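# Examination of the molecular architecture
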Amino acid sequence: MKVSELQWPQLDVWVCRAELEAFQGTRLTPELVDIVKAKIGYYPYFPSIDPAIAFPIIEREGISLTYDDHPHVLTPWCARSRSGSIVMCHSRLLVAAMRCYVAATFGFEVPDEVPA
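The following refers to the structure shown. Please read all numbers here as calculations on a predicted model, not as lab measurements.

What counts, and at which threshold
- Each chain carries its own residue numbering, running from 1 in the written order of its sequence.
- Totals for whole chains, interfaces and linings use all residues, but because this is a predicted model, local features are given only for residues with pLDDT of at least 70 and pairs of side-chain atoms are given and counted only at 80 or more.
- Hydrogen atoms and water are omitted, and side-chain values are computed over all heavy atoms in the structure.
- Defined by distance alone, a disulfide is two cysteine sulfur atoms within 2.5 Å.
- Helix and strand assignments come from DSSP, with helices taken as H or I runs of at least 4 residues and strands as E runs of at least 2, each series counted from the N terminus.
- Relative accessible area decides the class of each residue, using a 1.4 Å probe on protein chains only: under 20% of the type maximum gives buried, over 50% gives exposed, and in between gives partly exposed.
- As used here, the term nonpolar core means buried Ala, Val, Leu, Ile, Met, Phe, Trp, Tyr and Cys residues forming a set that is joined through side-chain atoms within 4.5 Å.
- Contacts are residue-level and defined by heavy atoms, with any inter-residue pair within 4.5 Å sufficient.
- Expected helix span is given by 1.5 Å per residue-to-residue step, counting one fewer step than there are residues.

Right, let's talk about the state of the cysteines for a bit. For the structure shown, the criterion picks out one disulfide. Here C78 connects covalently by a disulfide to C89, the sulfurs 2.0 Å from one another. Torsion about the S-S bond of the C78 and C89 cystine: about 105°, corresponding to right-handed handedness. Taken as a pair, C78 in strand β2 (residues 77–80) and C89 in strand β3 (residues 87–90) lie far apart in primary sequence, eleven residues in all. The class of C89 is partly exposed, set by a relative accessible area of 31%. As a non-bridged cysteine, C16 has C100 as the owner of its nearest cysteine sulfur, 18 Å distant. The thiol of C100 is unpaired, and the distance to the nearest cysteine sulfur, on C89, comes to 9.4 Å. C100 gets classed as buried once you look at its relative accessible area, which sits at 1%.

Let us look at the nonpolar core. In terms of nonpolar packing, the biggest core is built from 27 residues, with V3, L6, L11, V15, I58, M98 and V102 touching the most fellow members. Those elements that provide at least two residues to this core are α1 (10–20), α3 (51–61) and α4 (93–106). If one sorts the elements of this core by residue count, α4 sits on top with ten residues. Once you skip the residues sitting within four places of it in the chain, M98 turns out to touch L11, V15, P47, S48, A54, I57 and I58.

Our next topic: unusual backbone geometry. In this model, W8 is joined to P9 through a cis peptide bond whose omega is 5°. By the secondary structure assignment, P9 is in the segment before α1.

Okay, α4 next. For α4, spanning 14 residues, the distance from its first C-alpha to its last is 20 Å, which sits close to the expected 20 Å at 1.5 Å a residue. Of all 14 residues that make up α4, eleven are buried, and the element is covered over most of its length. Taken as a whole, α4 has its buried residues at L93, L94, V95, A96, A97, M98, R99, C100, Y101, V102 and A103. On its buried side, α4 packs onto α1, α3, β1 (64–67), β2 and β3. Directly beyond the C-terminal end of α4, a positive phi value near 100° is found at G107.

In short, shape yes, function no, at least from these values alone.
Laid out in structure tokens, this is it:
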């Protein structure tokens, strides 16, 4: 599936996977569980609709946001990765930003089914 087409709830699942990517292959210890809880922070976890979850990711990842208020623009919010190589646009700021984060982590396509 194209990251540019991810919607809730799949988008939020892929954002969570991106957040946990750094722990891939790591032995699960009580200390690691505490680190993961601190990184995820909120439950329920809906970064594509909850600014309290999304904005720390946006800030940490250096995602820049722009808005085009031209009346004929259908996707006025654009999110650009720190490197500038990934740009995602949407009518909602958080969707654009979280798609940008997922694409920066996994590329422009992800499996339709979330891997276990």
